[in-house]
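Below are the chains, spelled out letter by letter.
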Amino acid sequence: MRCIAYCTSTAFDTARLLTYLKSLYLVTRFREVLHIKLETTTPSSTLVQKESDVFFFPFGAIVCWGLDEDTERQLLRDIRPFEQQHLEVIEDDIFDYIYGEQPKIVDDEIVLPERDVLTKLAFSHGLAQSVKLGVFEQTIQKTIHLTRELPELLALRGNIKLSRKDIRRMMGRLFIDRSSINLHQELLDTPEFFWEHSDLEAYYALVAHYLDRERRVNVLNQRLLILQELFDMLAAELNHQHSSRLEWTIIGLIVIEVLLHVATDIFGYF
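In this report, the structure presented in the accompanying data block is examined.

Criteria and cut-off values
- Residues numbered from 1 in each chain as written.
- Predicted model: local features only at pLDDT ≥ 70, side-chain atom pairs only at ≥ 80, totals over all residues.
- Heavy atoms only, no water.
- Helix = DSSP H or I, 4+ residues; strand = E, 2+ residues; numbered from the N terminus.
- Expected span 1.5 Å × (residues − 1).
- Buried < 20%, exposed > 50% of the residue type's maximum accessible area, 1.4 Å probe, protein only.
- Polar contact = N/O pair within 3.5 Å; in protein donor to acceptor, adjacent residues only side chain to side chain.
- Axes fitted to C-alpha atoms, helices over the stretch in contact; angles between N-to-C directions.
- Parallel < 35°, antiparallel > 145°, perpendicular 65-115°, else oblique.
- Left-handed = near helix turned anticlockwise from the far one by under 90°.
- Contact = heavy atoms within 4.5 Å.
- Nonpolar A, V, L, I, M, F, W, Y, C, P; charged D, E, K, R; others polar.
- Phe/Tyr/Trp six-rings, centres within 6.5 Å; stacked < 30°, edge-to-face > 60°.

Turning our attention to helix α3 (residues 117–147). Structurally, the α-helix is built with 3.6 residues per turn, so residues lying three or four positions apart point the same way. A rise of 1.5 Å per residue sets the reference length of α3, with its 31 residues, at 45 Å; its end C-alpha atoms lie 45 Å apart and thus fit the reference within 8%. Burial analysis of α3 places 23 of its 31 residues in the buried class, the great majority of the element. A distance of 3.0 Å separates the backbone nitrogen of Leu 118 from a side-chain oxygen at the start of α3, and that oxygen is part of Asp 116.

Next up, the structure:
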């Protein structure tokens, strides 16, 4: 069976999404996570498969268990109106899953020890965080790629050949990207759900370990420091340009004053 996690937007309008889902499905709420169970049929059988679970996380992630691809695509289209800042590139992570005695993840196959919805939710928390982390990674990588020439230019020329407007625009981009990630860093911590369900935290830890969450978060924080350094460098260059302009303005005023004195002396002499 198929399990897939998507991150489609920066966040969901949870209140409106809840109202919409309630009009169509039986919705269960686990803290901020919404859950629905879909009834699907396989092409080769008319038997109803009550196996499909979908979890909606407020930070724009969805985890689907047991859905076919067509149903997933339709579901993503249906919830599009409730997204805040839809992502141009949707992050996803695909697994197969089966049921067995020992919970584990091997070669992108999840072994669930039971069919309980809370067990799936525990795994889903880790999967949802992973795709959200993937979005953060893409954002930082794209920003670093766009600004990678700046340190080289500064090293070669001693200054950055950009207008004050371009520098401000670039600083604004860096600030937005850095702030959006910093504001959501708590999403990468252990969810509060496990305060009440500590017995399920081992499943979450299993996913986090398999997807290398700790190392990825450390790399993310290091790249955030790079963005901070780029921001500081641009701020210093902007201040330098401002200081240089003031210096030339002062020099110009001094030259004008000297010329006026010289002219006064000359006309006074004659």
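What follows picks up the thread again.
Moving on to the packing of α3 against helix α7 (residues 201–210). Viewed as axis vectors pointing N to C, α3 and α7 meet at an angle of 30 degrees, and their least axial separation amounts to 8 Å. Taken together, the axis directions place α3 and α7 in an arrangement best described as roughly parallel. In the packing of α3 onto α7, the handedness of the crossing is right-handed. Taken together, the residues of α7 that come into contact with α3 (itself represented by Thr 119, Ala 122, Phe 123, His 125, Gly 126, Leu 127 and Gln 129) are Tyr 203, Tyr 204, Leu 206 and Val 207. Taken together, the residues that form the contact of α3 with α7 break down as 7 nonpolar, 4 polar and no charged.

On to the packing of aromatic side chains. Within this structure, the stated rule accounts for 9 aromatic pairs. On the numbers, 5.0 Å between centres and 80 degrees between planes, the contact of Trp 65 with Tyr 97 is edge-to-face. Of this pair, Trp 65 sits in strand β5 (residues 61–65) while Tyr 97 sits in strand β6 (residues 83–99); the two residues are 32 residues apart in sequence, bridging distant segments of the chain. No difference in accessibility class separates Trp 65 from Tyr 97, as the two residues are buried. Each ring, one from Phe 123 and one from Tyr 203, has its centre 5.4 Å from the other, and the planes form 15 degrees; the classification is stacked. Remark: Tyr 203 occurs in helix α7 and Phe 123 occurs in helix α3; sequence separation between them is 80 residues.

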